[in-house]
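Reading the structure
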Amino acid sequence: MRYFVEFAYNGTRYHGWQSQPNAVTVQEEMTKAFGLLLPAELELVGAGRTDAGVHARQMYAHFDWHQEIDEAKLVAKLNSFLSKDIAVYRIFPVNDDAHARFDATQRKYEYYLHTKKNPFLNETSWYNHRPLDFDKMNQAAKILFEYEDFECFSKTHTDVYTYLCKIYQAEWTNVAEHQWVFTITANRFLRNMVRAVVGTLVNVGLGKIEPEDVHKIIQSKDRGKAGFSVPACGLHLVEVSYPYL
């Protein structure tokens, strides 16, 4: 039987989702917790990767198990074993061919930025003290809807089969005094893409480039032409959508 797990994590002390040698990851920590409760080797397949330090307020993974599970009981036990920065919300059965990664139809990220120093936001938002023109940044964000090839925002030397992404939402919103969030939704994202997009828009906000320059950057397909990669602390995966959920 195949099960989906819905969970969340504060990524501050983790080297991303995916297990890797000599690094603490969310996948590794969750696999250990499952191993204490289900007496067999189990593989958790996540909805995607997140970089080191990136957070997820909604993430999914799937696993296979040979019998029915008391889902509520397993959730409670997992949360008692997991550290305080990982929370499992629910476990539920799905069709045997359901896939946490390949069946996802869209993903939503939010990037948090604060413009006044605040020690309580340091783990989940990026502090930028320089004046930013958010109206121009939103003008530049609208240009993203005109394109689908975003190679210029992709981390170099990655083995992706395509750089095509369909963006459905991209906008800056003032959520509190001195606090802003950039929301971006697409069918898929390239590695480091959101952080590179935000860095490019920040360059617009700083007056280093004009909104219209984003056309040239995207058309160049050159990562070196795009903006810097903003710090991981402000990035949150907030929603993963599936046709059957």
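Residues numbered from 1 in each chain as written. Predicted model: local features only at pLDDT ≥ 70, side-chain atom pairs only at ≥ 80, totals over all residues. Heavy atoms only, no water.

1. Details of the side chain of Gln27
For clarity, the threshold we go by: Each helix corresponds to a stretch of at least 4 residues labelled H or I by DSSP, and each strand to a stretch of at least 2 residues labelled E; elements are numbered beginning at the N terminus. Residue contacts are defined here by distance: any two heavy atoms, one from each residue, within 4.5 Å place the two residues in contact.
In this structure, Gln27 sits in helix H1 (residues 26-37). Beyond its immediate sequence surroundings of up to four residues, Gln27 is in contact with Trp17, Gln18, Ser19 and Leu44.

2. Section: the pattern of salt bridges
The following threshold applies: Definition used for salt bridges: Asp or Glu carboxyl oxygen within 4 Å of a side-chain nitrogen of Lys or Arg. Only protein chains enter the accessibility calculation, which uses a 1.4 Å probe; a residue whose area is less than 20% of its type maximum is buried, one above 50% is exposed, and one in between is partly exposed.
Scanning the model with the defined rule gives 11 salt bridges in all. Linking Lys166 and Glu148 is a salt bridge whose minimum nitrogen-to-oxygen distance equals 4.0 Å. Highlighted residues: Lys166 in the loop between helix H3 (134-143) and strand S7 (167-176) and Glu148 in the loop between H3 and S7, separated in sequence by 18 residues. A relative accessible area of 34% means that Lys166 is categorised as partly exposed. Relative accessible area serves as the criterion here: at 39%, Glu148 is assigned to the partly exposed category. Across the pair Lys225 and Asp222 runs a salt bridge whose closest N-O atoms are separated by 3.2 Å.

3. Remarks on the domain arrangement of the protein
Our working rule: Segmentation of the chain into domains, including their bounds, is taken from an automatic or database domain assignment. Two parts placed together each lose some accessible area under a 1.4 Å probe, and the buried area is that loss summed for both.
Domain annotation of the protein identifies domain 1 (2-94) and domain 2 (106-241). Each of domain 1 and domain 2 was reduced to a C-alpha centroid, and the two centroids are 27 Å apart. Taken together, the contact pairs 15 residues of domain 1 with 17 residues of domain 2. Taking both partners together, domain 1 and domain 2 bury about 1,300 Å²; carbon and sulfur atoms supply 43% of that area. For domain 1, the biggest contributors to the area lost against domain 2 are His55, Arg57 and Gln58; these three give 42% of the whole.

4. So, the pairing of strand S8 (residues 179-186)
For a regular strand, the rule is simple: side chains alternate between the two faces of the sheet. This is how it is decided: By the convention used here, strands pair only if DSSP detects at least 2 bridges between them.
Among the eight residues of S8, seven are classified as buried, and the element is accordingly described as predominantly covered. Where strand S5 (residues 106-114) meets S8, eight bridges bridge the pair, whose relative direction is antiparallel. Each bridged residue has a counterpart across the sheet, and for Tyr111 the counterpart in S8 is Phe182. Alignment of S7 against S8, held across eight bridges, turns out to be antiparallel. When the bridges of S8 are listed, Ile167 appears paired with Ala186. The antiparallel pairing of S7 with S8 creates a hairpin that spans two residues between the two strands, and His178 there sits at a positive phi of about 70°.

5. A short note on the packing of H3 against helix H4 (residues 193-205)
Condition: Where helices are involved, their axes are fitted lines through C-alpha atoms of the stretch in contact, as for all axes, and angles between N-to-C directions lie from 0 to 180°. Angular relationships are summarised with four words: roughly parallel below 35 degrees, roughly antiparallel beyond 145, roughly perpendicular across 65 to 115, and oblique for the angles in between. Helix crossings fall into two classes, left-handed where the near helix is turned counterclockwise from the far one by less than a right angle and right-handed where it is turned clockwise. Gly falls in the polar group here, along with every residue not listed as nonpolar (Ala, Val, Leu, Ile, Met, Phe, Trp, Tyr, Cys, Pro) or charged (Asp, Glu, Lys, Arg).
Orientation of H3 relative to H4, taken along the N-to-C sense of each, is 135°, at an axis distance of 8 Å. Considering the angle they form, H3 stands oblique to H4. By crossing handedness, the relation of H3 to H4 is classed as right-handed. Across from Lys136, Met137, Ala140 and Ala141 in H3, the residues of H4 making contact are Leu201, Val202, Val204 and Gly205. Considering only residue class, the contact of H3 with H4 consists of six nonpolar, one polar and one charged.

6. A word on the UniProt feature "active site" (unreviewed entry) in the protein
As a reminder, the rule being used: UniProt positions are given in the numbering used here, feature names are shortened, and annotations may be inferred rather than shown by experiment.
Feature annotation in UniProt places "active site" (unreviewed entry) on Asp51, given in this structure's numbering. Within the secondary structure, Asp51 sits in the loop between strand S2 (45-46) and strand S3 (55-64). Taking relative accessible area as the criterion, Asp51 reaches 22% and is therefore assigned partly exposed. Setting aside chain neighbours within four positions, we find Asp51 in contact with Gly16, Arg191, Asn192 and Arg195.

7. A word on the UniProt feature "binding site: substrate" (unreviewed entry) in the protein
The positions that UniProt labels "binding site: substrate" (unreviewed entry) are, in the present scheme, Tyr109. For Tyr109, the contacting residues outside a window of four places in its chain are Arg49, Thr50, Phe182, Thr183, Ile184, Phe189, Val194, Leu235, His236, Leu237 and Val238.

8. Structural notes on helix H2 (residues 71-81)
An α-helix turns once per 3.6 residues; consequently, residues spaced three or four apart project the same way. Threshold: Directions from the helix axis toward the C-beta atoms define the arc.
Within H2, the full set of buried residues consists of Leu74, Val75 and Leu78. An end-on view of H2 places all buried positions within 100° of arc, on one side of the element. Summarising the geometry of H2, the exposed residues directed more than 90 degrees from the buried face are Ala72 and Ser80.

9. Describing the packing of H1 against H2
Each packed pair of helices is defined by two parameters, the angle between the axes and the distance between the axes. At a closest axis distance of 10 Å, the pairing of H1 and H2 adopts a crossing angle of 125°. One finds that H1 runs oblique with respect to H2. The two elements H1 and H2 cross, and the hand of that crossing is right-handed. Residues Ala33, Phe34, Leu36 and Leu37 of H1 form the contact with H2, whose participating residues are Leu74, Lys77, Leu78 and Phe81.

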